[in-house]
Amino acid sequence: MSKPYGITVSRHIMDSQRLHPEATGDLSGLLSELIVAAKTINAEVNMAGLADVLGMAGKTNIQGEHVQKLDDLANNTIKRRMARCGYVCVMTSEEEADIIPVAEGSAGKYTLAFDPLDGSSNIDVNVSIGTIFSIHRRISANDLTPQGDEADLLQKGREQVAAGYIIYGSSTMMVFTTGEGVHGFTLDPSVGEFYLSHPDIRIPERSRYFSVNEGNYNFWDNGVQRFVDYLKENDKETGRPYSARYIGSLVADFHRNLIAGGIFLYPRDNRNPAKPHGKLRLLYEAAPLAFLVEQAGGRAITDEGMNIMDIEPTSLHQRVPLVIGSRHEVDLYEEFVAGTR
Ligand code: AHM
Ligand code: MG
């Protein structure tokens, strides 16, 4: 059912902008363009089974046309729209090795890092997936280079001006922050609008859930193993054992914990010494979710206890071990890795 008097995401963005007389409207414009890209991706995701866009890139469909993999489609949708919108000066995407320049004459004052379709292993099995984004202010001088450069993208999470995700799940939601709380909007597909459905989201302070790929248990550090063992022990007074919930789509696992409370971990493991940093990427996975969780009252740290927001990035696709969620459980985790428990 449509909600003619509901607050649309565009109205919400404009209302927030009015509270800042100094604002030029560029960030609002950028978010509006991203929302259009998200709606386009949503339409593709919903059609995935029918349109035969599932599966590997390089396949041809019934009509003999070249079929793009859904994550390529999502990547191209965001890239092409944002490259010409006039609000962004440079981009990086999980799907592209190098920085993505914007169209000539279109460089704006923000940067965009994005994971176009996170949870790719779940695409073919109809499980929630999502788009994650992170926005920083340009720091390079625009009178020297018309485009932004890599240094514009390699900024700390703490410097983000906005971050969020779109989850393509049982309903499609957009959740974002501009540093003034976290707000969630649900897409009404009959109208094609996102309506404010979850104003000022607060992550529960304590929780009963943990999300981790326990198949990796034998490769974790001792502190991580002891923490997870502790969560599974039987002790009524401290609410244990915790329940396990692991979807394998970061956006979906994070979203569940944001709403219902919980801790998500993707620690490093000792299987591959060449990759000592776990699996998730700092710029377009860990940092934007860290901004969201902090704004919602939770915490995000590395497996060794460093605040994710304070990590100085050194490369576009750098990985970082991530522990994120309800404050009480992240505090508890810290005690285990510090060896005080
Ligand atoms: P992707 O970007 O290739 O989709 O990989 C990231 C995903 C996350 O969504 C999820 O949290 C994680 O990989 C799951 O990894 P694993 O299958 O090792 O548990
Ligand atoms: Mg990803």
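For the structure itself, look to the data block above.
What you see is a predicted model; the values in this text were computed from it and never measured.

1. Comments concerning the overall build of the protein
The helix and strand inventory of the protein stands at eight helices and 13 strands. Here the C-alpha atoms of the protein give a radius of gyration of 20 Å, agreeing with the 20 Å that 2.2 N^0.38 yields for 341 residues. For the protein, the spread of C-alpha atoms along the principal axes amounts to about 60 × 50 × 50 Å. Looking at the protein as a whole, 51% of its 341 residues are labelled buried. Total accessible area on the protein stands at roughly 15,300 Å², and carbon and sulfur atoms take up 49% of it. If you average the places of the 33 positive and of the 45 negative side-chain charges in the protein, the two averages end up 4 Å apart.

2. Overview of the environment of A338
Position of A338 relative to the elements: it lies in helix α8 (residues 327–338). Accessibility expressed as a relative area gives 57% for A338, which makes it exposed. Taking the C-alpha atoms as reference, A338 lies 38 Å from F185; in sequence the two are 153 residues apart.

3. Concerning helix α3 (residues 70–83)
Across its 14 residues, α3 extends 20 Å between first and last C-alpha, which sits within 8% of the 20 Å expected from 1.5 Å per residue. Counting buried positions along α3 gives 10 out of 14 residues, so the element sits mostly inside the fold. For α3, every residue scored as buried is listed here: L70, D71, L73, A74, N75, N76, T77, I78, M82 and A83.

4. Regarding the nonpolar core
Membership of the largest hydrophobic core comes to 40 residues, with the highest contact counts inside it found for M82, M91, L112, L117, F133 and I135. Ranked by residues supplied to this core, first place goes to helix α2 (residues 26–51) with 10 residues. Core analysis: the second largest hydrophobic core is formed by 33 residues, Y165, I203, L289 and F291 among them.

5. With respect to the sheet that holds strand β9 (residues 209–211)
Consider a sheet: its strands pair through backbone hydrogen bonds, and that pairing is either parallel or antiparallel. In spatial order, the strands read β10-β9-β11-β13-β12; together these five strands make up an open sheet with mixed pairing. The open sheet terminates on both sides in strands that have one partner only, identified here as β10 (243–244) and β12 (299–301). Pairing of β9 with β10 involves two bridges; the strand directions are parallel. Of the residues in β10, the one forming a bridge with F210 is A244. The strands that helix α6 (residues 250–260) touches are β9, β11 (263–266) and β13 (322–325); relative to β9, the one it contacts most, it runs at about 165°. Most of the contacts of α8 go to β12, to which it runs at about 30°, and overall it touches β11, β12 and β13.

6. Some details on the packing of helix α5 (residues 222–232) against α8
In the contact formed by α5 and α8, the axes pass within 8 Å of each other and the chain directions differ by 130°. By the criterion of interaxial angle, the relationship of α5 to α8 is oblique. Crossing of α5 against α8: the hand is right-handed. Contacts from G223, V224, R226, F227 and Y230 in α5 reach E329, L332, Y333, F336 and V337 in α8.

7. Section: unusual backbone geometry
Outside of glycine, negative phi angles account for most residues, and trans bonds account for most peptide bonds. Each neighbour pair has its own omega, and for R240 with P241 the value is 5°, a cis peptide bond. With respect to the helices and strands, the residue P241 is situated in the loop between α5 and β10. A positive phi angle is found at N126, which is not glycine, with a value near 60°. Note that N126 resides in the loop between β3 (110–118) and β4 (129–137). With a phi close to 45°, D200 is a non-glycine residue in the positive phi region. As for its placement among the helices and strands, D200 is situated in the loop between β8 (193–198) and β9.

What counts, and where the lines are drawn
- Residues numbered from 1 in each chain as written.
- Chains lettered and ligands numbered in written order.
- Predicted model: local features only at pLDDT ≥ 70, side-chain atom pairs only at ≥ 80, totals over all residues.
- Heavy atoms only, no water.
- Helix = DSSP H or I, 4+ residues; strand = E, 2+ residues; numbered from the N terminus.
- Rg over C-alpha atoms; globule rule 2.2 N^0.38 Å.
- Buried < 20%, exposed > 50% of the residue type's maximum accessible area, 1.4 Å probe, protein only.
- Areas by Shrake-Rupley, 256 points an atom, 1.4 Å probe, with all protein chains shown as cover.
- Lys, Arg positive; Asp, Glu negative; His and termini not counted.
- Charge placed at Lys NZ, Arg CZ, Asp CG, Glu CD.
- Expected span 1.5 Å × (residues − 1).
- Core = buried A, V, L, I, M, F, W, Y, C linked by side-chain atoms within 4.5 Å.
- Pairing = 2+ DSSP bridges.
- Contact = heavy atoms within 4.5 Å.
- Axes fitted to C-alpha atoms, helices over the stretch in contact; angles between N-to-C directions.
- Parallel < 35°, antiparallel > 145°, perpendicular 65-115°, else oblique.
- Left-handed = near helix turned anticlockwise from the far one by under 90°.

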